[in-house]
Amino acid sequence: MSHLTHLTRPTRPNLRSVVGSARPVPARPLDLRVRAQRIQIDELIVDDPRQVLAHAGQAVLDDPEAAALLGLSPAGPLPLPAAAALLCALYDTDALTAMGLRLTRHTTRVSASDQQTEPVSLVRSTNPAQEG
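Computed from a prediction, not measured in an experiment: that's the story for all the values here.

A. Highlighting the overall build of the protein. Along its length, the protein carries 6 helices and 3 strands. Along the chain direction, N to C, the helices and strands of the protein fall in the order α-β-α-α-α-α-β-β-α. Here the protein holds 132 residues, and 16% of them are scored as buried. At a minimum sequence separation of 6, the contacts of the protein that also span at least 24 residues come to 61%.

Next up, the structure:
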């Protein structure tokens with residue numbers, strides 16, 4: 001009776017221990033060469049010109065390089081449109097509200113395309129004054 005195996009020992013190896021568990025292969029990103037571009041446009045109006053000019057005058061002193069891109073210098077005149085443009089370039093919408101500007105419209109333009117087709121575009125616009 002030497003050819004009988006003991007009942008508590010397996011007669012063949014456990015396949016799970018030999019093969020191992022199947023590991024999921026991480027998905028590789030598929031590069032389709034699709035380009036997407038998002039442009040966000042905040043339209044603001046000047047509610048308080050004196051406040052805008054005061055903040056912009058300080059911004060010219062604090063960031064003369066950005067001011068120079070708009071043709072502004074500490075010694076030169078500060079037109080209101082240039083002052084508003086400088087503030088908009090340097091600060092976010094919440095800060096601009098405290099500086100005498102008010103958001104009237106927010107527009108997001110998104111376009112996506114691959115190398116073979118024309119871009120697909122989406123434009124969404126909101127008017128904060130009408131939402132509240």
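B. Geometry of a nonpolar patch on the surface. Taken together, the side chains of Leu30, Leu32 and Val34 present a nonpolar region at the surface, about 340 Å² in accessible area. Mapped onto the elements, Leu32 comes out in the loop between helix 1 (15-19) and strand 1 (35-46).

C. Quick look at the pairing of strand 2 (residues 101-113). Summarising the sheet, strand 1 and strand 2 pair through 12 bridges and their orientation is antiparallel. For Glu43, the partnering residue across the bridge sits in strand 2 and is Arg105. Sheet topology note: the strand 2/strand 3 (residues 120-126) ladder contains 7 bridges and is antiparallel. Opposite Thr108, over in strand 3, you have Arg124 as the bridge partner. What sits between the antiparallel neighbours strand 2 and strand 3 is a turn of 6 residues.

The rules behind the values
Residues numbered from 1 in each chain as written. Predicted model: local features only at pLDDT ≥ 70, side-chain atom pairs only at ≥ 80, totals over all residues. Heavy atoms only, no water. Helix = DSSP H or I, 4+ residues; strand = E, 2+ residues; numbered from the N terminus. Buried < 20%, exposed > 50% of the residue type's maximum accessible area, 1.4 Å probe, protein only. Contact = heavy atoms within 4.5 Å. Patch = residues over 30% accessible without salt bridge, like charges linked within 9 Å, V, L, I, M, F, W, Y side chains within 5 Å. Areas by Shrake-Rupley, 256 points an atom, 1.4 Å probe, with all protein chains shown as cover. Salt bridge = Lys/Arg side-chain N within 4 Å of Asp/Glu carboxyl O. Pairing = 2+ DSSP bridges.

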